[in-house]
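Residue-level structure breakdown
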Amino acid sequence: QVQLVQFGGGLVQAGGSLRLSCAASGRTFSRYLMGWFRQAPGTEREFVAAFSWSGVIRYYADPVKGRFTISRDNAKTTAFLEMNSLKPEDTAVYYCAAGRIRSDSYNDPSKYNYWGQGTQVTVSS
């Protein structure tokens, strides 16, 4: 059974930092693309970042470039999203996702097969 279990999140002041984790189990994800998305109330799910487990492919949405960093552990079972210089507009529920998809579909949530449970990130001004 494939599982993506998320950890982290919470409440932080603007300018602060948070780290989200996504632990993957149930299969080998080496050929999968891992993505992070977020969804604020009343909005569609928005692409944040994506990477391949090999580390060769990394993508970031423009609003988070230079502030967010995606990475993984050496065992290739846990993905991380390090978020720095957080802004109130970063407030959302954040989801990790995995999919064996084309790299040119990295920002399309409908292409991802597996999803974490979501975690709330709230940035106060």
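Parameters and conventions
- Residues numbered from 1 in each chain as written.
- Predicted model: local features only at pLDDT ≥ 70, side-chain atom pairs only at ≥ 80, totals over all residues.
- Heavy atoms only, no water.
- Helix = DSSP H or I, 4+ residues; strand = E, 2+ residues; numbered from the N terminus.
- Rg over C-alpha atoms; globule rule 2.2 N^0.38 Å.
- Contact = heavy atoms within 4.5 Å.
- Core = buried A, V, L, I, M, F, W, Y, C linked by side-chain atoms within 4.5 Å.
- Buried < 20%, exposed > 50% of the residue type's maximum accessible area, 1.4 Å probe, protein only.
- Pairing = 2+ DSSP bridges.
- Axes fitted to C-alpha atoms, helices over the stretch in contact; angles between N-to-C directions.
- Phe/Tyr/Trp six-rings, centres within 6.5 Å; stacked < 30°, edge-to-face > 60°.
- Lys NZ or Arg CZ within 6 Å of the ring centre and 35° of its normal.
- Salt bridge = Lys/Arg side-chain N within 4 Å of Asp/Glu carboxyl O.

**Here we look at the overall build of the protein**
Helix and strand content of the protein: zero helices and 11 strands. When the elements of the protein are put in sequence order from the N terminus, they spell out β-β-β-β-β-β-β-β-β-β-β. In terms of overall size, the protein behaves like a compact globule, its C-alpha atoms giving a radius of gyration of 13 Å where 125 residues would be expected to give roughly 14 Å. Each principal axis of the C-alpha atoms in the protein carries an extent, and together these give about 40 × 25 × 25 Å. Looking at the protein alone, contacts between residues at least 24 apart form 57% of all its contacts between residues at least 6 apart.

**What to know about the nonpolar core**
With 35 residues, the main nonpolar core has Met-34, Trp-36, Leu-81, Met-83 and Tyr-94 as its most contacted residues. Mapped onto this core, the elements with two or more residues apiece are strand S3 (18–25), strand S4 (33–39), strand S5 (46–52), strand S7 (68–72), strand S8 (78–83), strand S9 (92–99) and strand S11 (119–124).

**Quick look at the sheet that holds strand S1 (residues 3–8)**
Backbone hydrogen bonds are what pair the strands of a sheet, in a parallel or an antiparallel way. One open sheet holds the four strands; their spatial order is S1-S3-S8-S7, and the pairing between them is antiparallel. The sheet terminates laterally at S1 and S7, the two strands that pair on one side only. Direction aside, the axes of adjacent strands within the sheet are offset by 15 degrees on average. Strand direction decides the pairing type here: S7 and S8, joined by five bridges, are antiparallel. Residue pairing for S8: Ile-70 is matched across the bridge by Leu-81.

**Brief notes about the packing of aromatic side chains**
Under the counting rule described, the total for this entry stands at nine aromatic pairs. Here the aromatic cluster, defined as three or more aromatic residues joined through ring pairs, consists of Phe-37, Phe-47, Tyr-59, Tyr-95, Tyr-106, Tyr-112 and Trp-115. Here the guanidinium or amino end of Arg-45 rests over the ring plane of Tyr-95, the centre of that ring lying 3.8 Å away. One residue, Arg-45, lies across the ring of Trp-115, its end atom 4.8 Å from the ring centre.

**Considering the pattern of salt bridges**
On inspection of all chains with the given rule, the structure shows five salt bridges. Two residues, Arg-38 and Asp-90, come together in a salt bridge whose shortest N-O distance is 2.9 Å. One end of the pair, Arg-38, is in strand S4; the other, Asp-90, is in the loop between S8 and S9, and 52 residues separate them in sequence. Here Arg-38 matches Asp-90 in class, with each residue buried. When the shortest N-O distance is used, the salt bridge between Arg-67 and Asp-90 registers 2.8 Å.

**Topic: the side chain of Ser-21**
Along the chain, Ser-21 turns up in strand S3. Residue classification places Ser-21 among the buried positions, given a relative accessible area of 15%. When near neighbours in sequence (up to four residues on either side) are disregarded, Ser-21 contacts Val-5, Gln-6, Phe-7, Trp-36, Thr-78, Ala-79 and Phe-80.

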